[in-house]
Amino acid sequence: SQQGEEDPQALSIQEGENATMNCSYKTSINNLQWYRQNSGRGLVHLILIRSNEREKHSGRLRVTLDTSKKSSSLLITASRAADTASYFCATDKGTSYGKLTFGQGTILTVHP
Amino acid sequence: SQTIHQWPATLVQPVGSPLSLECTVEGTSNPNLYWYRQAAGRGLQLLFYSVGIGQISSEVPQNLSASRPQDRQFILSSKKLLLSDSGFYLCAWSVGHAGYTFGSGTRLTVV
């Protein structure tokens, strides 16, 4: 089964609003990562948060991690139409080969 | 700089035909390499991973195979394609646990 499950499956907002996406997982992790995918393209790595970290920022992105609840959230502040994409969380259990398990993703649509 | 090349971008193949998708990485040595398949723009399913030349691990039983003839080359193959092999195939590499770099993907349609 999928390790990461995103919520909501789809999110539609207006430009300038904040977008929050959530991810839940089932087993212990080494780190959790968020990726973005524009339609028909490869995934782009956004941010990585380690299991001993609780919050991380990168530009307009803010990621939180709650290992006790096995959940993470991705907040995009002041969204832009260009943020329209699918967003995936992925968990790394810390295996030697760095395997990531991806969730089903959240489709974000930002209306201008 | 580190780059990853994946080709072709799109491919339409008849049922029963062979398949060869290639992925090459530049700017890094001894990367972990991965093949993922994505159905209908949703979650990614890991097909194969490789930690070194000639070392291939399969995650799911299927009609596909993978090979790593060189350190920075990863090939996905099939002898006879099935309709169910259609999908979006993504190659990726990583070093350590710093995150993946993905190729641009190949959209395969089996007809």
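Residues numbered from 1 in each chain as written. Chains lettered and ligands numbered in written order. Predicted model: local features only at pLDDT ≥ 70, side-chain atom pairs only at ≥ 80, totals over all residues. Heavy atoms only, no water.

> For this particular structure, what's the right way to read the overall build of chain A?
A count of helical and extended segments in chain A gives zero helices and eleven strands. In sequence order, chain A lays out its α and β elements as β-β-β-β-β-β-β-β-β-β-β. Here the C-alpha radius of gyration of chain A, 13 Å, is about what a compact globule of 112 residues would show, namely 13 Å. Burial statistics for chain A: of 112 residues in total, 46% are counted as buried. Intrachain contacts of chain A at a sequence separation of at least 6 include 57% that bridge at least 24 residues. By element, 45% of the accessible surface of chain A is carried by carbon and sulfur atoms, the whole surface being about 5200 Å². For chain A, the distance from the average position of its 13 positive side-chain charges to the average position of its 10 negative side-chain charges is 6 Å. (Helix = DSSP H or I, 4+ residues; strand = E, 2+ residues; numbered from the N terminus. Rg over C-alpha atoms; globule rule 2.2 N^0.38 Å. Buried < 20%, exposed > 50% of the residue type's maximum accessible area, 1.4 Å probe, protein only. Contact = heavy atoms within 4.5 Å. Areas by Shrake-Rupley, 256 points an atom, 1.4 Å probe, with all protein chains shown as cover. Lys, Arg positive; Asp, Glu negative; His and termini not counted. Charge placed at Lys NZ, Arg CZ, Asp CG, Glu CD.)

> Just to check I follow, could you spell out the pattern of salt bridges for this structure?
If the charged atoms of two oppositely charged side chains come close together, the side chains can form a pair. Residue and element names in this part refer to chain A. Across all of its chains, the model carries six salt bridges over all chains by this definition. A salt bridge links Glu 53 to Lys 56, with the nearest nitrogen and oxygen atoms 3.9 Å apart. Judged by relative accessible area, Lys 56 falls into the partly exposed class, the value being 28%. Each of Arg 36, Arg 60 and Asp 83 takes part in a single network of salt bridges with overlapping partners. (Salt bridge = Lys/Arg side-chain N within 4 Å of Asp/Glu carboxyl O.)

> I tried to follow the pairing of strand 3 (residues 19-26) of chain B on my own but got confused; where do I start?
On any regular strand, side chains alternate: one points to one face of the sheet, the next to the other face. Examined bridge by bridge, strand 1 (residues 3-7) of chain B and strand 3 of chain B share five bridges and lie antiparallel to one another. Of the residues in strand 3 of chain B, the one forming a bridge with Ile4(B) is Val25(B). (Pairing = 2+ DSSP bridges.)

> What am I meant to see in the pairing of strand 5 (residues 44-52) of chain B here?
Residues and elements named next belong to chain B. Judged by how many residues are buried, strand 5 sits mostly within the fold: seven of nine residues are covered. Relative to strand 6 (residues 55-58), strand 5 runs antiparallel, the two being bridged by three bridges. Bridging across to strand 6, Tyr 49 finds its partner in Ser 57.

> Whenever I open this one, the interface of chain A and chain B confuses me. Can you help?
For an interface, size is often stated in terms of accessible area lost upon the parts coming together. Contact with chain A, which involves 28 residues of that partner, is made by 23 residues of chain B. Summing the contributions of chain A and of chain B, the shared interface buries around 1800 Å²; its carbon and sulfur component is 50%. Per-residue buried area on chain A facing chain B is highest for Leu43(A), Tyr97(A) and Phe102(A); these three make up 28% of the total on that side. Applying the counting rule to chain A against chain B returns one salt bridge. The salt bridge partner of Lys99(A) is Glu59(B), with a shortest N-O separation of 2.7 Å. Where chain A meets chain B, there are six residue pairs in polar contact (both at pLDDT 80 or more). Secondary structure elements with two or more residues in the side of chain A that touches chain B: strand 4 (31-37), strand 5 (43-50), strand 9 (85-92) and strand 10 (100-102) of chain A. (Buried area = accessible area lost by both parts, 1.4 Å probe. Polar contact = N/O pair within 3.5 Å; in protein donor to acceptor, adjacent residues only side chain to side chain.)

> Mind showing me how you'd approach the sheet that holds strand 8 (residues 73-78) of chain B here?
Either a parallel or an antiparallel arrangement is found when strands of a sheet pair, and the pairing is made through backbone hydrogen bonds. Residue and element names in this part refer to chain B. The strand order across the open sheet formed by four strands is 1-3-8-7, and the pairing between neighbours is antiparallel. In this open sheet, the two strands that pair with only one neighbour each are strand 1 and strand 7 (65-70). This sheet shows a mean twist of 20 degrees between the axes of neighbouring strands, independent of strand direction. Note: strand 3 against strand 8, six bridges, orientation antiparallel. Paired with Glu 22 across the bridge in strand 8 is Ile 75. (Axes fitted to C-alpha atoms, helices over the stretch in contact; angles between N-to-C directions.)

> Looking at this structure, how should I read the side chain of Ser86(A)?
Residue and element names in this part refer to chain A. Counting through the fold element by element, Ser 86 comes out in strand 9. Take Ser 86: its relative accessible area is 12%, and that puts it in the buried class. What Ser 86 contacts, discounting residues up to four positions off in sequence, is Tyr 35, Arg 36, Gln 37, Thr 106 and Ile 107.

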